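Single-letter residue listing:
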Amino acid sequence: MVACWYDPTTSFQIQGIFGFAFSESFHRYYWVERWKKGGGGVIKEAEKSFSDFLEKKDLKLTSQRRTILHQAIHANGHFSAEKLLEFSKKADRTISKATVYRTLVLLKESKVLEEQDFGDGKKLYERAQGRKHHDHFICVRCGKIIEFENDHIEKLQDAEASHHHFKVVYHSLKLFGFCKNCS
Ligand SMILES: [Zn+2]
Ligand SMILES: [Zn+2]
C-alpha cells in the first residue's frame, strides 16, 4: 500500500494553504482516480458485505445507509465522523447526524470500516474490508497519517508474542512524531 499523503483529516491544513476550492477539486479528482483504478469493485464488495450483515440483523440497506457507505468508501483514508457527516449531507441533504452516527456503528460492526484512535482521543475511521493489514505513522504537529506495511516487524511481533505465550487477536502499531514537512 502506498503511503497516503492526502488525507481528508488534513484537509483543514490544505485548505489553509491553498484555499477551499483547491481542496475540494482535489478531493473530487482523487475520488475519480480511485474509481478508475477499480474503486467501483470496492464499492460493490463493501455493499455486498454490508447488506449481508444488515440482513442478519433484520435491517435493510436503505438509500441513506447506502449513501453513507459510499461516502465512507470514497473518503478513502482516515476520516472523522464529522467529515463523514459533511460528505453524506452533501450527497443527500435529508441525512441526519443521528443516521450517520448509527450507520457508522453498523459499518464498524460489519468490519467494513475500522475505528482507530490516533492518540488525541479523537476517533478516525478507515476502510478495513478487502485491505491488507497496515500500521501508521502519525505526525503530532499536522496530524498527517502515513501507512506502512513491514513483514519483518510483523514477524518480530509474532515471535515476541509466542515468547510470552500470548495469543494476539489484533494489533495496531502507531508511531508518533514529525512528518517531513513538520520536522
Ligand atoms: Zn506534519
Ligand atoms: Zn490506515
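Okay, so let's go over this structure.

Rules used in this analysis
- Residues numbered from 1 in each chain as written.
- Chains lettered and ligands numbered in written order.
- Predicted model: local features only at pLDDT ≥ 70, side-chain atom pairs only at ≥ 80, totals over all residues.
- Pairing = 2+ DSSP bridges.
- Helix = DSSP H or I, 4+ residues; strand = E, 2+ residues; numbered from the N terminus.
- Axes fitted to C-alpha atoms, helices over the stretch in contact; angles between N-to-C directions.
- Core = buried A, V, L, I, M, F, W, Y, C linked by C-beta atoms within 7 Å.
- Buried ≥ 20, exposed ≤ 12 C-beta atoms within 10 Å, placed from the backbone.
- Contact = placed C-beta atoms within 7 Å.
- Expected span 1.5 Å × (residues − 1).

Notes on the sheet that holds strand β3 (residues 135–139)
Pairing between sheet strands relies on hydrogen bonds along the backbone, with the strands arranged either parallel or antiparallel.
(1) Moving on: Taken together, the three strands give an open sheet; going across it, the order is β4-β3-β5, and neighbouring strands pair in mixed fashion. If you trace the sheet from one side to the other, it starts and ends with β4 (145–148) and β5 (174–177), each paired once. Neighbour to neighbour, the strand axes of the sheet diverge by 20 degrees on average, direction disregarded.
(2) Moving on: Two elements, β3 and β4, share four bridges in a ladder whose sense is antiparallel. When the bridges of β4 are listed, H136 appears paired with E147.

Considering the nonpolar core
(1) Moving on: Of all hydrophobic cores here, the largest spans 18 residues; its most connected members are I68, L69, A72, L84, L107 and Y125.
(2) Moving on: Breaking this core down by element, the ones donating at least two residues are α2 (20–56), α3 (63–75), α4 (81–91), α5 (97–109) and β2 (123–127).
(3) Moving on: In terms of residues, this core owes the most to one element, α3, which gives five residues.
(4) Moving on: Excluding its chain neighbours within four sequence positions, the residues that come into contact with A72 are L84, L107, L113 and Y125.

Topic: unusual backbone geometry
(1) Moving on: The phi torsion at K111 lies on the positive side, around 70 degrees, for a residue other than glycine.
(2) Moving on: Looking at the secondary structure, you find K111 in the loop between α5 and β1 (113–117).
(3) Moving on: Residue K111 is classed as exposed on the basis of its 12 C-beta neighbours within 10 Å.
(4) Moving on: Within the chain, H165 stands out as a residue other than glycine whose phi angle is a positive 50 degrees.
(5) Moving on: Note on placement: H165 falls in the loop between α6 (151–163) and β5.
(6) Moving on: The exposure class assigned to H165 is exposed, which follows from the 6 C-beta atoms found within 10 Å.

Some details on α3
(1) Moving on: With 13 residues, α3 extends 18 Å between its outermost C-alpha atoms, agreeing within 8% with the 18 Å of an ideal straight helix rising 1.5 Å per residue.
(2) Moving on: Of the positions making up α3, those classed as buried are R65, T67, I68, L69, Q71, A72, I73, H74 and A75.
(3) Moving on: Count one or two residues on from α3 and you reach N76, which has phi positive near 35 degrees.

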